[in-house]
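Coordinates in review
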Amino acid sequence: MNYYDLDPREQKQRALARFFKYLRDYIQPYHPYLRKLYRDRGIDVGKLRTEDDLRRLPIIDKNHLRQEPQLFILRPNSPDAPLPAGYETEPVSTGMKLKYLAQAIAAWRSDASHLVRREGLKDLARRQGFREWLPIHFHVSTGSTGTPTPAAYTHYDLTKILPQIAGLMVRPKQLDPNDVYFDWSERTFNIFPGAPHLAFFAPVLAKVGLGTSSFETFGGAVIPTDRQIAIFAQGGFSSMTAVPSYLVHWMRKALELQRQGAIGRLESFKRVVVGAEPLSESLREYIRSLAHELGVHPKFRVLQTLGMTEMKWAFLECDEGSGLHVSPKYYYWELLHPETREPVAEGEPGVLTFSHIGWRGTALVRYWTGDLIKGGMRWTRCEKCGYTFPRIYPPICRAEKDFTKIKGTRVDLSNLIESVRDTPGVRHFQVSIESESAVDQYSRDVLAIHVVAEPGVVTVDLEAQIRHRVKYYTEVSPDHVRFEQNEPEFEKRLFARNGIKAEYVLERRSEHV
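The structure reproduced in this document is the subject of the present report. Remember, predicted model here, so these are calculated numbers, not experimental data.

1. Considerations on the sheet that holds strand S5 (residues 239–242)
The strand order across the open sheet built from six strands is S4-S3-S5-S6-S7-S8, with neighbouring strands paired in mixed fashion. Of all strands in the sheet, those bounded by a partner on one side alone are strand S4 (213–216) and strand S8 (313–316). Between one strand axis and the next, the sheet turns by 25° as a mean value, whatever way the strands run. Where S5 meets strand S6 (residues 271–274), four bridges bridge the pair, whose relative direction is parallel. Among the inter-strand pairings, Met 240 is bridged to a residue of S6, identified as Val 272. Each of strand S3 (187–190), S4, S5, strand S7 (301–308) and S8 touches helix H7 (residues 198–210); the most contacted strand, S4, lies at about 145° to it. Relative to the sheet, helix H10 (residues 281–293) contacts S6 and S7, its axis offset from that of S7 by approximately 130°.

Encoded structure:
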């Protein structure tokens, strides 16, 4: 039976059973870090049966992974690759060796290397083992802490798991006549920057696994934005993947080129998938308004995605507002209270915590992502597509990083950003949090807002609106609202960090909480 057509309760039970089997068959014998951790804590994974039993497993986070990421890669014991002192795993079983031998015999004629390389059955079976266990592809996080965190994939991950979960991105035809459906002939325009991170590689791996089409621009640093727009218009692309802040910049440039007569209407443009930054409903609406000015398809959609390096894949909505559909077959999902770390009720806010199921390479169990899911999670049948998924509802922010204290008040930075960005008349902006004195660590905080206004806006009125909205949404009054006149120079500052993702808030205090 179709796993995604199951009753939600049955699907959740199957996911839990798959997770516990994965713990017994792969994590316990072959995971260096977790094998030792569970042994030191006296945890017998063979005795785990119920959802409540999950709480016996310790929560891990990026700090654990960052210290020794190689210990989170599944690996059978081998004298050729010894583990650090104190860590050990089991050798490959006789049954696995026989499996590799059978696979080698079955694959021999379809493997072109046999035409130029003579190997015995033992070597061929050894190669099959490498396909399952040897890391061959890596992503790394952007490393905002200064220490990028890698995730490893084996041939097994890339050929057995990724094609299945990538296929979930191709949503079925729904009954709603207002929806716009995916067609296998469509072409995607990927404007994420070229780097070894998931956002860039997901479309690449999807097209290899599924046969979908995509063009990677490698970002504005490789192909200038104006040139990207020309390629998009000439190529008749139907969809795009992008960071929201850079997408807004891209669309505004496209409108300028349209007004100059350099490009025509983008009538084949049906959807954009955005990630790496929060997407508020007001920002989604603004992107949609820009798109309609560009003359896009009348059923144009703005879909949000959720993914991270450690997760090893990304997931998206089947339609706007449907919730992010995450895989229940290759992950087990939890939302935990940010302070008690206990499970929250369905639909309640919590920090996203996940466990891999079935993966080789880097494998994580009860991994605390630090992402606060304000809209909660519901494990139900989707009203839009009709299939069963755990669904995560935005807004999403960092449980710790996206909050700070300004003048003694705890401020949700996403609220601060939205209060300025959604003020009518604001074209670009950047907020800086500074200290009144550079040498006195106890000096008062200064909140300054730098703005590029839309043409023709009365700045006195706009400043009053900004001050009112910031005070209303954050309970903190801005000290300065400064209007910038040089828009190109301001955009350079806004995207200075990595050229593709706007830095809306600058923390310039030497000591802050």
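2. Side note on the packing of aromatic side chains
Here the structure, examined in full by the defined rule, presents 32 aromatic pairs. Note on Tyr 3 and Tyr 4: the rings are 5.7 Å apart at their centroids and 75° apart in plane angle, and the pair reads as edge-to-face. On the basis of relative accessible area, Tyr 3 is assigned to the buried category, the value being 9%. Each ring, one from Phe 200 and one from Phe 218, has its centre 5.0 Å from the other, and the planes form 40°; the classification is tilted. Of the two residues, Phe 200 sits in helix H7 while Phe 218 sits in the loop between S4 and helix H8 (225–235), which places them 18 residues apart along the sequence. Across the ring face of Tyr 393, the terminal group of Arg 378 is positioned such that the distance to the ring centre comes to 4.7 Å.

3. Observations regarding the nonpolar core
Judged by nonpolar contacts, the single largest core of 69 residues is most densely connected at Phe 19, Trp 313 and Tyr 331. If one sorts the elements of this core by residue count, helix H1 (residues 8–30) sits on top with nine residues. When neighbours within four sequence positions are excluded, Tyr 331 is seen to be in contact with Ile 165, Met 311, Lys 312, Trp 313, Phe 315, Phe 354, Ser 355, His 356, Ile 357 and Trp 359. Within the second largest apolar cluster, 57 residues are counted, among which are Ile 231, Tyr 246, Leu 290 and Ile 466.

4. Brief notes about the environment of Leu 71
Mapping Leu 71 onto the fold places it in the loop between helix H3 (62–67) and helix H4 (94–107). Apart from the residues lying within four places of it in its own chain, the contact partners of Leu 71 are His 31, Pro 32, Tyr 33, Leu 83, Pro 84 and Tyr 87.

5. Focus: the sheet that holds strand S18 (residues 426–435)
Pairing in this open sheet of four strands is mixed, and the strands run S20-S19-S18-S21 from one edge to the other. Single-partner strands in this sheet number two, and they are strand S20 (480–483) and strand S21 (505–507). Pairs of neighbouring strands in the sheet enclose a mean axial angle of 20°, with direction left out of account. As paired strands, strand S19 (residues 445–453) and S20 are joined by four bridges and run parallel to one another. Bridging across to S20, Ile 449 finds its partner in Val 481.

6. Considering H10
If you check H10, its first and last C-alpha atoms are 18 Å apart, about what 13 residues at 1.5 Å a residue would give, namely 18 Å. For H10, the secondary structure elements touched by its buried residues are helix H9 (244–259), S6, S7 and helix H11 (413–421). The positive-phi residue at the C-terminal boundary of H10 is Gly 295, with phi of around 80°.

7. Some details on the pairing of S19
Counted residue by residue, S19 has nine buried out of nine residues, so it is predominantly covered. Side chains Asp 445, Leu 447, Ile 449, Val 451 and Ala 453 project from S19 onto one buried face, and the interleaved Val 446, Ala 448, His 450 and Val 452 project onto a second face that is buried too. Across nine bridges, the pairing between S18 and S19 is antiparallel. Looking at S19, one finds that Ile 433 is bridged to Leu 447. Crossover connection from S19 via helix H12 (residues 459–474) to parallel S20: handedness right-handed.

8. Regarding a nonpolar patch on the surface
Nonpolar side chains collect at one region of the surface, where Phe 130, Leu 134 and Ile 136 lie side by side and expose about 260 Å² of accessible area between them. Tracing the backbone shows Phe 130 in helix H5 (residues 121–133). Given a relative accessible area of 37%, Phe 130 falls into the partly exposed group.

9. Comments concerning the side chain of Thr 305
With respect to the helices and strands, the residue Thr 305 is situated in strand S7. For Thr 305, the side chain forms a polar contact with the main-chain oxygen of Phe 315, separated by 2.8 Å. Sequence-distant contacts of Thr 305, defined by excluding residues within four places in its chain, comprise Val 273, Val 274, Gly 275, Ala 314, Phe 315, Leu 316 and Leu 324.

10. Remarks on the packing of H4 against H5
Where H4 contacts H5, the axes come no closer than 8 Å and their chain directions differ by 105°. By the angle between their axes, H4 is roughly perpendicular relative to H5. Side by side, H4 and H5 meet where Met 96, Lys 99, Tyr 100, Leu 101, Gln 103, Ala 104, Ile 105 and Ala 107 of the first sit next to Leu 121, Leu 124, Ala 125, Gln 128, Gly 129, Glu 132 and Trp 133 of the second. Residue classes in the contact of H4 with H5 are distributed as 10 nonpolar, three polar and two charged.

Definitions and limits used
- Residues numbered from 1 in each chain as written.
- Predicted model: local features only at pLDDT ≥ 70, side-chain atom pairs only at ≥ 80, totals over all residues.
- Heavy atoms only, no water.
- Pairing = 2+ DSSP bridges.
- Helix = DSSP H or I, 4+ residues; strand = E, 2+ residues; numbered from the N terminus.
- Axes fitted to C-alpha atoms, helices over the stretch in contact; angles between N-to-C directions.
- Contact = heavy atoms within 4.5 Å.
- Phe/Tyr/Trp six-rings, centres within 6.5 Å; stacked < 30°, edge-to-face > 60°.
- Buried < 20%, exposed > 50% of the residue type's maximum accessible area, 1.4 Å probe, protein only.
- Lys NZ or Arg CZ within 6 Å of the ring centre and 35° of its normal.
- Core = buried A, V, L, I, M, F, W, Y, C linked by side-chain atoms within 4.5 Å.
- Expected span 1.5 Å × (residues − 1).
- Right-handed = clockwise from strand over helix to strand, strands pointing away.
- Patch = residues over 30% accessible without salt bridge, like charges linked within 9 Å, V, L, I, M, F, W, Y side chains within 5 Å.
- Areas by Shrake-Rupley, 256 points an atom, 1.4 Å probe, with all protein chains shown as cover.
- Salt bridge = Lys/Arg side-chain N within 4 Å of Asp/Glu carboxyl O.
- Polar contact = N/O pair within 3.5 Å; in protein donor to acceptor, adjacent residues only side chain to side chain.
- Parallel < 35°, antiparallel > 145°, perpendicular 65-115°, else oblique.
- Nonpolar A, V, L, I, M, F, W, Y, C, P; charged D, E, K, R; others polar.

So, to be careful, I would describe these as geometric facts and stop short of saying anything about function.
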